[in-house]
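Report on the structure
Given next are the chains, with one letter for each unit.
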Amino acid sequence: MNAAYDLISRLRDLDGKLNAREQRVASYVLENFGSVVEATLGEVAAAAEVSEPTVIRFCRTLGCEGFKDFKLRLAQNVAVSLQYLENSNVEARGAAPTLDRVLGGIYAAANAARGQVDGGMLDRAVGALRAARQLVFIGLGGGSSMVAFEAANRFFRLGLSATAVNDGYLQRMRAAALEKGDVLFAISASGEARDVVSSVEIANQYGATTLCLTRPDSTLARLAELPILIELPEDQDIFKPTASRIVHLAIIDTLATCVAELRPEETRERLRRIRASLAAVHGRTGPQPIGD
């Protein structure tokens, strides 16, 4: 049996289905995650009132090689899951107060970003985007891939060839097809997403200009030719979506606005065409977002 990545879920699934002795071990572990990761084999056996071989059999039932492997995997699992396992008292505040908290988080993140972004780097990024033969935006995961697709959505409206890719294999392939005059723009909150980092390395190899939006002191920040760097602490409230993606979108909108203002005639004509195509469908002619 392959070892489970999520031992906590595996334990819960097996709870009540094990033989009597292994169930004693399971019950003890489920109630004492923190102490088990620090305990010896003998200590766990004594606490569960079973023999050491029973504990080892229990570990193998979970798919681990033995007690040492079990402890290592459990420690990793607990480190990631701890904030989700704690039973904190959550007060239901209603929609209006919650809106204040969500907007407050966005305001705080935006203010933090405003003091960090290098204006000179933004200007260089705008120059590269404006002159690009084609733009490829890449990101992985829910937040970064969403920002990448929104970036492509913004820049194609300006008359630039812009696409977004969120599949790791396709990102590498697109990067390998780029050359001098093209731009690869990587978006990653961590700056360590392996496929994104590899794609930037590939694009650099073939002479494309590489930009990134990520955190400082990350692998991606070191590799990209033009890094836009922001360090935004994540909110400890696990029920509230992260505000960092909103800040990333604001940076993308800033870049798009600057590029549009440097290409006023081309931008006006592209936006006029897009608006005319939509008016033919819905008939609305008053001011409104174009295609949103």
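Scroll up to find the structure this text is about.
This section reports on the structure supplied with the text. (Residues numbered from 1 in each chain as written. Predicted model: local features only at pLDDT ≥ 70, side-chain atom pairs only at ≥ 80, totals over all residues. Heavy atoms only, no water.)

Regarding the pairing of strand β1 (residues 135-138)
Regular strands place their side chains on alternate faces of the sheet. In β1, alternate side chains face the same way, and those of L135 and F137 on one face and V136 and I138 on the other are all buried. Relative to strand β2 (residues 162-165), β1 is paired through 4 bridges, and the arrangement is parallel. Looking at the pairing, V136 lines up with T163 of β2. Remark: the β1/helix α9 (residues 141-156)/β2 crossover connection has right-handed handedness. (Buried < 20%, exposed > 50% of the residue type's maximum accessible area, 1.4 Å probe, protein only. Helix = DSSP H or I, 4+ residues; strand = E, 2+ residues; numbered from the N terminus. Pairing = 2+ DSSP bridges. Right-handed = clockwise from strand over helix to strand, strands pointing away.)

As for the packing of aromatic side chains
Enumeration according to the criterion identifies 4 aromatic pairs in this entry. Judged by centre distance (5.7 Å) and plane angle (75 degrees), the rings of F58 and F70 are edge-to-face. Here F58 is found in helix α5 (residues 52-61), whereas its partner F70 is found in helix α6 (residues 67-85), with 12 residues between them in sequence. Each member of the pair, F58 as well as F70, is classed as buried. A network of ring pairs unites the aromatic residues F58, F67 and F70 as a single cluster. (Phe/Tyr/Trp six-rings, centres within 6.5 Å; stacked < 30°, edge-to-face > 60°.)

Concerning the pattern of salt bridges
Summed over all chains, the structure comprises 9 salt bridges. The salt bridge involving E269 is made with R272; its shortest N-O contact spans 2.9 Å. With E269 and R272 both in helix α14 (residues 264-282) and 3 residues apart, this pair spans about one turn of that helix. Several salt bridges converge on common partners, so that one network encompasses R133, E179 and D182. (Salt bridge = Lys/Arg side-chain N within 4 Å of Asp/Glu carboxyl O.)

Regarding the side chain of T210
Following the sequence through the fold, T210 ends up in strand β4 (residues 209-214). Look at T210 and you get buried, because its relative accessible area is 0%. A polar contact is formed between the side chain of T210 and the backbone nitrogen of E225, at a distance of 3.0 Å. Once residues within four sequence positions are removed from consideration, T210 is found in contact with L184, V200, A203, N204, L223, A224, E225 and L226. (Polar contact = N/O pair within 3.5 Å; in protein donor to acceptor, adjacent residues only side chain to side chain. Contact = heavy atoms within 4.5 Å.)

Details of helix α4 (residues 41-48)
Along α4, the residues classified as buried are L41, V44, A45 and A48. One face of α4 carries all of its buried residues, which in axial projection span an arc of 100 degrees. Just beyond α4, the residue with positive phi is E49, at close to 60 degrees. (Arc of directions from axis to C-beta.)

Examining the packing of helix α8 (residues 119-131) against helix α13 (residues 244-262)
Between α8 and α13, the shortest axis-to-axis distance is 9 Å and the interhelical angle comes to 60 degrees. Considering the angle they form, α8 stands oblique to α13. Considering how the two elements wind past one another, α8 and α13 form a crossing that is right-handed. Facing α8, whose interface residues are L122, A125, V126, L129 and R130, α13 presents I251, L255, C258, V259 and L262. (Axes fitted to C-alpha atoms, helices over the stretch in contact; angles between N-to-C directions. Parallel < 35°, antiparallel > 145°, perpendicular 65-115°, else oblique. Left-handed = near helix turned anticlockwise from the far one by under 90°.)

A look at α14
Look at α14: 27 Å from first C-alpha to last across 19 residues, which is about the 27 Å you get at 1.5 Å a residue. Looking at α14, one finds that the buried residues are T267, I274 and R275. Along the axis of α14, the buried positions cluster into a sector of 100 degrees, meaning they face one direction only. Facing away from the buried side of α14 by over 90 degrees, the exposed positions are E265, R268 and A280. For α14, the elements touching its buried residues are α9 and α13. (Expected span 1.5 Å × (residues − 1).)

Description of unusual backbone geometry
With the exception of glycine, the majority of residues adopt a negative phi angle, and the majority of peptide bonds are in the trans configuration. One non-glycine residue, E49, adopts positive backbone phi at about 60 degrees. Secondary-structure assignment places E49 in the loop between α4 and α5. Unusually for a residue other than glycine, D217 sits at a positive phi of about 60 degrees. Counting through the fold element by element, D217 comes out in the loop between β4 and α12 (219-223).

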